[in-house]
Structures are given as C-alpha cells and as structure tokens.
Amino acid sequence: MRIGDLAHETGVSRRMLRYYEEQGLLRPVRLDNGYRDYAEADVATVNHVRAMLAAGLSTAVIAKVVHCVHDKDELRVPSGCPTFIGELRRERARITEAIAQLESSRRILDAVLDTAPRDGEDPSREAAPTSQVGRVPSA
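Residues numbered from 1 in each chain as written. Predicted model: local features only at pLDDT ≥ 70, side-chain atom pairs only at ≥ 80, totals over all residues. Heavy atoms only, no water.

1. Remarks on the overall build of the chain
Secondary structure summary: the chain contains five helices and two strands in total. For the chain, the N- to C-terminal ordering of α and β elements is α-α-β-β-α-α-α. Looking at the 139 residues of the chain, the share that counts as buried comes to 24%. Residue pairs in contact within the chain that sit at least 24 positions apart in sequence constitute 45% of those at least 6 positions apart. (Helix = DSSP H or I, 4+ residues; strand = E, 2+ residues; numbered from the N terminus. Buried < 20%, exposed > 50% of the residue type's maximum accessible area, 1.4 Å probe, protein only. Contact = heavy atoms within 4.5 Å.)

2. Describing the pattern of salt bridges
Considering all chains together, one arrives at five salt bridges under this definition. The salt bridge partner of Glu 21 is Arg 30, with a shortest N-O separation of 3.5 Å. The salt bridge partner of Glu 21 is Arg 36, with a shortest N-O separation of 2.4 Å. You can see Glu 21 sitting in helix 2 (residues 14-22) and its partner Arg 36 sitting in strand 2 (residues 36-37), a full 15 residues away along the chain. Among the charged side chains, a network of salt bridges with common partners joins Glu 21, Arg 30 and Arg 36. (Salt bridge = Lys/Arg side-chain N within 4 Å of Asp/Glu carboxyl O.)

3. Remarks on the nonpolar core
Counting residues in hydrophobic clusters, the biggest one holds 22 residues, and the most contacted among them are Leu 6, Leu 17, Tyr 20, Leu 26, Val 46, Met 52 and Ile 62. Counting residues per element, the ones that place at least two in this core are helix 1 (3-10), helix 2, helix 3 (41-54) and helix 4 (59-65). With four residues, helix 3 is the largest single contributor of residues to this core. (Core = buried A, V, L, I, M, F, W, Y, C linked by side-chain atoms within 4.5 Å.)

4. Observations concerning the environment of Ile 62
Structurally, the position occupied by Ile 62 is in helix 4. Ile 62 gets classed as buried once you look at its relative accessible area, which sits at 0%. Linking Ile 62 and Phe 84, residues 22 residues apart in sequence, is a C-alpha distance of 9.2 Å. Beyond its immediate stretch of four places on either side in the chain, Ile 62 contacts Leu 25, Val 49, Met 52, Leu 53 and Leu 57.

Quick look at the structure:
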C-alpha cells in the first residue's frame, strides 16, 4: 500500500508517517521508482506507535521496542523480548518521577494562591480589626 493509503487507514498524516520512518519506527519497502510500499502489518504498527506516544514514550524508546509488538489488535507484553519490559519499566519510573515533580509544583502554587486575595477583593486593603477588645488605649 502507498503512503496515502496508510495515512487514510490510520488517520496519521503523510508527513508524520515519513517522520516515523526517519525515526526507525516504520520500515517500508522502496519500489524501483522510489515510492514507499507499506505492508498491511504497518497499519497495526502505526496504531501501536500512536498508543505508545500517548503513553508518554519517546520515539527513541519506541524505536527500541516497536519490533517486539506484533499483535494486530492491542499492545501486549510479548514473550521473548526482554528489552520491551525493561524499557517500559524505565519509562514508567521516569513518568512517575515527572508526576511527583508536577504534584510538588502544584502544592507550591496552591500555597501561594491560598495567600492571594480572592476574586473581587481589593489587594491593597488589609483586613481591619473587627473588635476593640484587648486593645491598649493610646496615651
């Protein structure tokens, strides 16, 4: 199948499919006229690549493991491909750390926002005492 057919089948642009090829994610056969010829299995490969990208994996990591994925319908842990499991565990640890850093940033922002005036309040007006109880009279 030609690149336009693969783009239509997967919903991925031709430009992105060329990028996947540059990154080693797809390996179409080149015809004598230079055209790319994709196999039916490339439809599943593109879908797997999209799923792995959505999971937060980089194209460099995907290039290391995409050859392990052969299932047409879904991503599964393949037997006989230990690099797949190792790479996924490393990526999961990286993502977990990124989430922890983002949560820390959110806590800091929440603390700052808790001290900020609420919508509609005048930030230049400080809270005035509401009672004179306990106040020392001035001389």
